[in-house]
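# Fold and geometry: a report
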Amino acid sequence: MKQKEYTLLKKCIDCGDKYCGEYESKTREKCIICKVNEHDCIKEKSNKMSKGYVWICYECKETIAKGNTDIIEKFRKEMVKKVSNEKNVSTKDEQNKKDGSKVECETIMKKDQRDLKKSSINEKNKGVGTNDSVILRYHDSVIRESDLLLLKGQNWINDSLISFWFEHLQQVAYGDNTNLLFVSPAVTQLMKIGDANDLPIILDSIGAWFKEYIFLPVNDSISTCKPGGNHWSLLVYSKHDNTWYHYDSLHGSNTRHVRCLVGRLNTHLNGEIP
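The rules behind each value
Residues numbered from 1 in each chain as written. Predicted model: local features only at pLDDT ≥ 70, side-chain atom pairs only at ≥ 80, totals over all residues. Heavy atoms only, no water. Patch = residues over 30% accessible without salt bridge, like charges linked within 9 Å, V, L, I, M, F, W, Y side chains within 5 Å. Areas by Shrake-Rupley, 256 points an atom, 1.4 Å probe, with all protein chains shown as cover. Salt bridge = Lys/Arg side-chain N within 4 Å of Asp/Glu carboxyl O. Helix = DSSP H or I, 4+ residues; strand = E, 2+ residues; numbered from the N terminus. Buried < 20%, exposed > 50% of the residue type's maximum accessible area, 1.4 Å probe, protein only. Pairing = 2+ DSSP bridges. Axes fitted to C-alpha atoms, helices over the stretch in contact; angles between N-to-C directions. Contact = heavy atoms within 4.5 Å.

## Some details on a nonpolar patch on the surface
A cluster of nonpolar residues, Ile-135, Leu-136, Leu-148, Leu-151 and Ile-157, forms a patch on the protein surface that exposes about 430 Å² of accessible area. Along the chain, Leu-136 turns up in strand 3 (residues 134–138). When its relative accessible area of 33% is taken as the criterion, Leu-136 is described as partly exposed.

Now the structure itself:
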C-alpha cells in the first residue's frame, strides 16, 4: 500500500490526544525521523518556528528513550543534515552581505546590458516626427524646447539641463581655473556602468589625472543609452585631501550608485580613497 493511501493512529506528543498521522500533509510539520505529520493542536506553533526547530512524534521519542540505536543514528543523521543546510544558507547570506557593494554594482550592469538593445532603438528614433526643436547648442550640450519648458514651474531637471550648466561652469564661470573638472551626466553614467576597461581612456580624454577637484552628477538610472532615473546627487573628488564627498538631498538614495562609481574610479585615480 502506498504511503499517501493510508494514515497511522498516533499519539500527540503535545496534547496527548489520538490523531491520524499522514505522510502527504503539506501544511503541517513532520516528524524529523518517521516523516509523519504533527497534530492540528500545534499548527500555530509550527508557523512560528524558530531557527533550528524540529518536531518529533511521541512514538519516535519513546523509541529514542528506549535506546534504539537504529532510530538514534537516523535522528543524528537528520539533525546533521538540517544543521548543515542552515549553515550553508547562513554562510551564503553573510558572504552576500560582505560583498554587497560588488553585488549591487554587478546587478546594475547586468540589468543595463539587458535593456541596451531595446533602448538603443528608441534613442535612434528620439525627436523624429516631433516638434521638439533644438534651441541651443553650447559646446557639447544641446538644449531642446522640451528641456527649456522644465524650467517653467515646479519640474524635475534632466541631464540636458545639468550638462548645459556644467558646460557653463567649466567654460565661463571657472574658465580660468584649470584645477576644476566638471564631468557631464552622460560621461558620468558611462563611467558608472559602462565597460570598466574603457575607464582609463575616458579619464585621459577629459584630463582627470591633473585636476584638483572633479565634480560628477550621479543619477540612479541603470542605462547608458537613454535618459531616465528618479534622483540626482553630486559626487566631488578632492585630490588635495584625497577624499570623496557626496552631496545627496535625499540622504542615502544614491548611495549604491555612488559606491559603484567610486569603486571603479579609485582604481585609477589614487588607490583607496575614503
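## Some points on the pairing of strand 3
Two elements, strand 3 and strand 4 (residues 141–144), share 4 bridges in a ladder whose sense is antiparallel. For Arg-137, the partnering residue across the bridge sits in strand 4 and is Val-142. Between strand 3 and strand 4, which pair antiparallel in sequence order, lie 2 residues; one of them, His-139, sits at a positive phi of approximately 55°.

## Overview of the sheet that holds strand 8 (residues 243–247)
Strand order in the open sheet made by the 4 strands is 5-6-7-8, with mixed pairing throughout. If you trace the sheet from one side to the other, it starts and ends with strand 5 (180–182) and strand 8, each paired once. Direction aside, neighbouring strands of the sheet carry axes that sit 20° apart on average. Bridge analysis of strand 7 (residues 232–238) against strand 8 gives 5 bridges, and the strand direction is antiparallel. When the bridges of strand 8 are listed, Val-236 appears paired with Tyr-245. On top of the sheet, helix 6 (residues 159–173) reaches strand 5, strand 6 (213–219) and strand 7; it is set at about 160° to strand 5, its chief contact. On top of the sheet, helix 9 (residues 255–269) reaches strand 6, strand 7 and strand 8; it is set at about 150° to strand 6, its chief contact.

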